[in-house]
Amino acid sequence: MTSTASPVTAAVLVAAGRGLRAGGGVPKQWRLLGDRPVAAHSAQLLADHPRLSRVVLVVHPDDLEAAPWATDLGLEIVPGGDSRSASVRAGLEALEGQAQNVLIHDAARPGLTAEIVDAVIDALETAPGAAPALAVTDALWRGTEGRVAGVQARDGLWRAQTPQGFHLEAILAAHRAATTQAADDVEVALASGLEVAIVPGDERNRKITEAADFELARQLMGSGMDIRTGNGFDVHRFGDGDRVVLCGVAVPHARGLAGHSDADVGLHALSDAIYGALAAGDIGQHFPPSDPTWKGAESRIFLSHAADLARERGFAITHLDCTLICEQPKIGPHAETMRGRVAEIAGIDMERVSVKATTSERLGFTGREEGIAALATATLVAG
Ligand SMILES: Nc1ccn([C@@H]2O[C@H](COP(=O)(O)OP(=O)(O)OP(=O)(O)O)[C@@H](O)[C@H]2O)c(=O)n1
Ligand SMILES: C[C@](O)(CO)[C@H](O)COP(=O)(O)O
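What you see is a predicted model, and the numbers here were worked out from it, not measured in a lab.

K.L.:
Quick question: what am I supposed to make of the overall build of the protein chain here?
P.N.:
From N to C terminus, the protein chain includes 12 helices and 19 strands. For the protein chain, with 383 residues in total, the buried portion stands at 40%. By sequence separation, contacts in the protein chain at least 24 residues apart represent 70% of the contacts at least 6 residues apart.

What follows is the structure, given as C-alpha cells:
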C-alpha cells in the first residue's frame, strides 16, 4: 500500500506597505480593528490553521518592532521591500525548501476565513496556482472627465482576493524571473505560464485600501466600535506672578500658578485624560518632574504628545471636555479662545472641544483661592 502524505503548506503574510491611500499617520495594518491591529486578525487565523506549517510575516524594515504579538503567534518576521512584489519575494525566499505549497496573503485583508484557506489548499492538488475571487456583479463603465464614455461587458470578470496559493518552487521561480511590477502574484504566475484556478472568495475578505474601508471592515466582521474614555484631574497652587496659563491661554490675574512647567492645569488634565483612555500611564510618566528639560515648559508639548500617541495607536480623539474650578479669574470671557487653542494643539475640530468653569461656592482650597483645579474627559474612537 502506498501512502500519499499531504504536501506541506506555508504562508506569507505581506505587511510591509505604507498604507498611504488609507492615511491616518500609521500604516493601516498596524491600526486597531476591534480588539487587535488589522494584521493580527489574518495572522491569528493563519497561525491557528491546522493545514499550515508555518507563517512568515513580511514587515517594512522600519516596522520590525511593530508587531510584538507576532512572536507569541509563532510567526517568523522578514524585512520587506519597496513594492508588494518585492515583499512577497522576500517572504518566498525565506521559505525556500521549507514547504511544497505557499499561500500569499495581504495583511490588509483582516476578514480572511478558514474556508477560503481550505479552498485554496484543496485547489492546489490539481493546479499549480489557486486564488479566491468574486464575480463582478455591478455594471461596468468606462469614464472620461466625469462622463460615461462607454460600457464594459462584465462576463468573465472577477475581483481578485488573497490568499493566492501556489506550488512554492514554481512561484518562487516566477518571482525571480519577473521583470515588471505586478499587481498580484497571480499576474506573476500567469507571466510564467502557470495555470491558476479560481475558488470562491468572500465579501468579508475585502482589502482595506481607503480610510472609509475601516468602517466597512468593522461592519463586515461584526466587530463593534472600540470607544475609550479617560479622565484627568490636576491642581496647581497660586504663587507669584501676574497671569495664569489655562488651556493654553495666558489670562491676566493678580497671581500666577506655581509648578515645574507653565502650570497649565487645564492642559495637564486633558493630557492625562487622553493617556487614561489609552491606558498609557500619566503625564508624570512621560514627562518626569525630576527632568530639568521640562522646567518652565509650555504644556502644549504634553497635550500634543498625548494626541500624537492616540493617533499612533489608531485612535481618533472625538471629544475633549475640560472643567476649570476656580473663583478667580473668570473663565467665561476666555472660554472660546481656550477651546480654539486646545483644538489646535490636539489637532481636532473646535466643535469637539468643550472648556467650561465652575466655582466651588467658596468651599475648599479652590474656594479659599489657594489654587486652581481642572477636571477633564477624553473620548477616543479606534479606526
Ligand atoms: N512594499 C509593500 C507594499 C505593500 N505590501 C503589502 O501588500 C498588501 C496590499 O497592498 P496595498 O493595499 O497596496 O498596501 P499599501 O502599499 O500599504 O497601500 P498604499 O498603496 O495605499 O500605500 C498590504 O498588506 C501591504 O502591507 C507590502 O508588503 N510591501
Ligand atoms: C493583491 C491584491 O490584493 C489583489 O486584489 C491587490 O492587487 C494589491 O493591492 P493594490 O491596491 O492593487 O496595490
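Now that the structure has been shown, we can carry on.
K.L.:
Whenever I open this one, the site of ligand 2 confuses me. Can you help?
P.N.:
Around ligand 2, a shell composed of R84, D106, A160, Q161, T162, A183, D184, K207 and T209 is seen. Across the shell around ligand 2, the residue classes tally to 2 nonpolar, 3 polar and 4 charged.

K.L.:
Would you mind showing me how to read the packing of helix α8 (residues 265-278) against helix α10 (residues 300-312) here?
P.N.:
In helix packing, the relevant descriptors are the interaxial angle and the interaxial distance, both defined with respect to the helix axes. The contact between α8 and α10 brings their axes to 9 Å, and the two run at 20 degrees. One finds that α8 runs roughly parallel with respect to α10. Judged by the twist between their axes, the crossing of α8 over α10 is left-handed. Contact residues: α8 offers L267, H268, L270, S271, I274, Y275 and L278, while α10 offers R300, F302, L303, A306, A307, L309 and A310.

K.L.:
I'm lost on the packing of helix α3 (residues 84-95) against helix α5 (residues 168-177) in this one. Help?
P.N.:
At a minimum axis separation of 10 Å, α3 and α5 run at an interaxial angle of 135 degrees. Of the possible angle classes, the one that applies to α3 and α5 is oblique. By crossing handedness, the relation of α3 to α5 is classed as left-handed. Here S85, V88, R89, L92 and L95 of α3 come into contact with α5, specifically with L168, I171, L172 and H175. Looking at the contact of α3 with α5 residue by residue, the class counts come to 6 nonpolar, 2 polar and 1 charged.

K.L.:
For this particular structure, what's the right way to read unusual backbone geometry?
P.N.:
Of note, the bond from T162 into P163 is cis; its omega dihedral lies within 30 degrees of zero at 10 degrees. Take P163: it is sitting in the loop between β10 (158-160) and β11 (164-167). Note the cis peptide between Q328 and P329, where omega equals -5 degrees. Looking at where P329 falls in the secondary structure, it is placed in the loop between β17 (315-325) and α11 (335-346). Its identity is not glycine, yet E145 carries a phi of approximately 50 degrees, on the positive side. Mapping E145 onto the fold places it in the loop between β8 (140-144) and β9 (147-152). At C247, a position not held by glycine, the phi torsion is positive, near 50 degrees.

K.L.:
What's the story with the pairing of strand β1 (residues 9-15) in this structure? I'm lost.
P.N.:
Each regular strand shows side chains that alternate between the opposite faces of the sheet. β1 sits mainly inside the fold: 7 of its 7 residues count as buried. The alternating pattern of β1 places T9, A11, L13 and A15 and A10, V12 and V14 on opposite faces, both of which are buried. Pairing of β1 with strand β6 (residues 101-106), which is carried by 6 bridges, proceeds in the parallel orientation. Paired with T9 across the bridge in β6 is N101.

K.L.:
Explain the site of ligand 1 here, please?
P.N.:
Taken together, the neighbourhood of ligand 1 is formed by 22 residues, with V14, A16, G17, R21 and S87 sitting nearest. Among the elements of the structure, β1 and α3 are those that each provide at least two residues to the shell around ligand 1. Classifying every residue of the shell around ligand 1 by side-chain character gives 8 nonpolar, 8 polar and 6 charged.

K.L.:
Can you help me understand the sheet that holds β17 in this one?
P.N.:
Two strands in a sheet stick together by hydrogen bonds in their backbones, pointing the same way (parallel) or opposite ways (antiparallel). With respect to topology, 5 strands assemble into an open sheet ordered β16-β13-β19-β17-β18, the strand pairing being mixed. Two strands lie at the open edges of the sheet, namely β16 (256-257) and β18 (353-358), each paired on one side alone. Examined bridge by bridge, strand β13 (residues 227-239) and β16 share 2 bridges and lie antiparallel to one another. Across the sheet, G239 pairs through a bridge with G256, a residue of β16. On top of the sheet, α11 reaches β17 and β18; it is set at about 140 degrees to β18, its chief contact.

K.L.:
Please explain the nonpolar core as it appears in this structure.
P.N.:
Ranked by size, the top nonpolar core spans 56 residues in total, and within it V12, L13, L57, V58, V102 and V120 carry the most contacts. In this view, L57 contacts L13, A15, A43, A67, A70, L75, E76 and I77; residues no more than four positions away in its chain are not counted.

K.L.:
Teacher, can you tell me more about α10 here?
P.N.:
Since the α-helix advances by 3.6 residues per turn, residues separated by three or four positions end up pointing in the same direction. In a regular helix each residue adds 1.5 Å, so 13 residues correspond to 18 Å; α10 covers 18 Å between its end C-alpha atoms and thus fits that length. Taken together, the buried positions of α10 are occupied by F302, L303, A306, A307 and A310. Seen end-on, α10 carries its buried residues on one side only, within an arc spanning 130 degrees. In this fold, the buried residues of α10 make contact with α8, α9 (283-286), β17, α11 and β19 (371-382). Once α10 ends, the next one or two residues include G314, with phi positive near 90 degrees.

How each quantity is defined
- Residues numbered from 1 in each chain as written.
- Chains lettered and ligands numbered in written order.
- Predicted model: local features only at pLDDT ≥ 70, side-chain atom pairs only at ≥ 80, totals over all residues.
- Helix = DSSP H or I, 4+ residues; strand = E, 2+ residues; numbered from the N terminus.
- Buried ≥ 20, exposed ≤ 12 C-beta atoms within 10 Å, placed from the backbone.
- Contact = placed C-beta atoms within 7 Å.
- Near = placed C-beta within 6 Å.
- Nonpolar A, V, L, I, M, F, W, Y, C, P; charged D, E, K, R; others polar.
- Axes fitted to C-alpha atoms, helices over the stretch in contact; angles between N-to-C directions.
- Parallel < 35°, antiparallel > 145°, perpendicular 65-115°, else oblique.
- Left-handed = near helix turned anticlockwise from the far one by under 90°.
- Pairing = 2+ DSSP bridges.
- Core = buried A, V, L, I, M, F, W, Y, C linked by C-beta atoms within 7 Å.
- Expected span 1.5 Å × (residues − 1).
- Arc of directions from axis to C-beta.

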